[in-house]
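Here is how the chains run, residue by residue.
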Amino acid sequence: MRIDQLFGGGRPLFSFEFFPPKTDAGVERLFATIAALRDLDPSFVSVTYGAGGGTRTRTVDLVARIKHDLAIEPMAHFTCVGASRSELRAVLDTIRDAGVDNVLALRGDPPAGETAFTPPREGLAHGAELAAMIKDGYDLCIGGACYPEGHPESTGMDAELRHTGVKVAAGVDFLITQLFFDNRHYFDFVRRARAIGIDVPIIPGIMPVTNVEQITRFTSRIGATIPDALLRALNDRSDDAEAVVQMGVAWSTLQCAELLAAGAPGIHFYTLNRSPSTRAIVSALLVAEPWRRRAD
Ligand code: FAD
C-alpha cells in the first residue's frame, strides 16, 4: 500500500527506520526486532540505503521480506550515490518487481572525507532529480528528506526551503525531517514551508538518545543542535548508561506528545536498530493519544 494513502485516518502514522546489518546473522536478529514491534501496528517500516559496499542489496531484500513475511508496509531508502541513471533504474526495477510501493528518494552524502557531493558519471545531482526519475517511470509513492535546522551544505533556510519545494514539485508525496530535539525547529519549518506552497505531509523524525557521545558526534555531522538543558542533563548522566536511555525516552515522549497535539501527521523514529526506547515511547503515545487534544 502506498504511504500517501495512510494519511488522514484516525491515528497519526508511526514509522520505524532501520539500517541493514552487515551479516546474515545480523539480518536475522533485525528481522526478529521488527517482528517484535508488530504489536505496535507500525504504519510503515523503512530500511536505509548504504553509502556503498555490501549492504545495498540487503535493503531491497529486507523491504521485500518485511512486506511479504511480516505483512508490514515497507519503504526502501534509495540514493544517487555511485550510480549512473541506468544503474539507478535497474535498482528501481528491482524494488518495483519486489512488490514494494514506497521509496525515499535521496541524494546521499558525499563520501567520507569530502564536503561536496560530486554527481556520479551519467548520474544525478539532487534528491529532486531522483524523485523526478521515479515519478516519470514508476508507479511508486515517493518520500523525500527535509531539514528543519538546515542541511550541512545549506546556504541558508530560504534556499533550503526553496530546494524542498523543488523536490515536492518533482513528485515527492511526503517529507520526513532530519532529527531535531527542539520542536520549535519543526513548527517554524512547517510554517515556512506552507507559506511557500509546500502542501505535502511533513513527518517529524525523532531519535531517542541512547548514548551521549554518539548523539553529540552525529548531530554535529548532520548540522542538528541539542538544546543546552538536554545536553547538560545527558552529560550529568554520561557515566550511567541506563539513566541516559531513560532521559532519551522521556525527552522524545514529551517531544512527540507536543508534535502530535499540534497536528503533526505522524512520527518517524530513527531506531538505530534498537527497539526498546521506541517501544516505550509509542506505547505511551498510543495510550495517551495526544492527537485527540488537538481541538482543546
Ligand atoms: P538534496 O535534496 O539533493 O539536498 C542536499 C543539499 O543540496 C541541500 O543543502 C539542498 O538545499 C541542496 N540542493 C538541493 N537542490 C539544489 C539545487 N537545485 N541547487 C543547489 N542546491 C540544491 N543517506 C543515505 O546514504 N542513506 C539513507 O538511507 C538515508 N536516509 C535518510 C533518511 C532521512 C529521513 C533523512 C533526513 C536523511 C537520510 N539520509 C540518508 C541522508 C541524506 O542522504 C543526506 O542528508 C544527503 O546529504 C542529502 O540528501 P537529500 O536527498 O536531502 O539531498
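Up top you'll find the structure we're talking about.
My aim in this report is to walk through the structure given alongside it, one point at a time. (Residues numbered from 1 in each chain as written. Predicted model: local features only at pLDDT ≥ 70, side-chain atom pairs only at ≥ 80, totals over all residues. Heavy atoms only, no water.)

Turning our eyes to something else, we now look at the pattern of salt bridges. The tally for this structure, following the rule as stated, stands at 18 salt bridges. For Asp24, the salt bridge identified is with Arg58, shortest N-O distance 2.9 Å. Placement of the pair is Asp24 in helix α1 (residues 24-36) and Arg58 in helix α2 (residues 56-70), with a sequence separation of 34 residues. Measuring nitrogen to oxygen at the nearest pair gives 3.8 Å for the salt bridge that ties Glu213 to Arg217. One end of the pair, Glu213, and the other, Arg217, are both in helix α7 (residues 212-222), four residues apart, so they sit about a helical turn from each other. Neither Glu213 nor Arg217 differs from the other in exposure class; each is exposed. One salt-bridge network, held together by shared partners, links Arg2, Asp4, Asp139 and Asp173. (Salt bridge = Lys/Arg side-chain N within 4 Å of Asp/Glu carboxyl O. Helix = DSSP H or I, 4+ residues; strand = E, 2+ residues; numbered from the N terminus. Buried < 20%, exposed > 50% of the residue type's maximum accessible area, 1.4 Å probe, protein only.)

Not every one of the 22 residues close to the ligand is listed here, only the nearest: Arg107, Asp109, Tyr147, His151 and His163. Gly127 is positioned such that a nitrogen or oxygen atom in its backbone is 2.9 Å from an oxygen atom of the ligand. Taking His151, its side chain carries an N or O atom lying 2.7 Å from an oxygen atom of the ligand. About the coverage of the ligand: the protein hides 83% of its 970 Å² of free accessible area. Of all the elements in the fold, those that place two or more residues in the shell around the ligand are β3 (74-79), β4 (102-106), α5 (157-170) and β6 (174-179). Looking at the shell around the ligand element by element, the count peaks at three residues for α5. (Near = heavy atom within 4 Å. Polar contact = N/O pair within 3.5 Å; in protein donor to acceptor, adjacent residues only side chain to side chain. Areas by Shrake-Rupley, 256 points an atom, 1.4 Å probe, with all protein chains shown as cover.)

Another point: the pairing of strand β1 (residues 13-18). Counting buried positions along β1 gives six out of six residues, so the element sits mostly inside the fold. Covered by surrounding structure in β1 are Leu13, Ser15 and Glu17 together with Phe14, Phe16 and Phe18, the residues of both alternating faces. Judged from the five bridges that link them, β1 and strand β8 (residues 266-270) form a sheet pairing that is parallel. Residue pairing for β8: Leu13 is matched across the bridge by Gly266. In this structure, β1 lies alongside strand β2 (residues 44-47), joined through four bridges in parallel fashion. Of the residues in β2, the one forming a bridge with Phe16 is Val45. (Pairing = 2+ DSSP bridges.)

On the secondary structure map, Glu17 appears in strand β1. It is Arg221 that comes nearest to the buried, bridge-free Glu17 among opposite-charge side chains, at 10.0 Å. Apart from the residues lying within four places of it in its own chain, the contact partners of Glu17 are Ser46, Thr48, His77, His268, Phe269, Tyr270, Thr271 and Leu272. (Lys, Arg positive; Asp, Glu negative; His and termini not counted. Contact = heavy atoms within 4.5 Å.)

What is shown is where atoms sit, not what they do.
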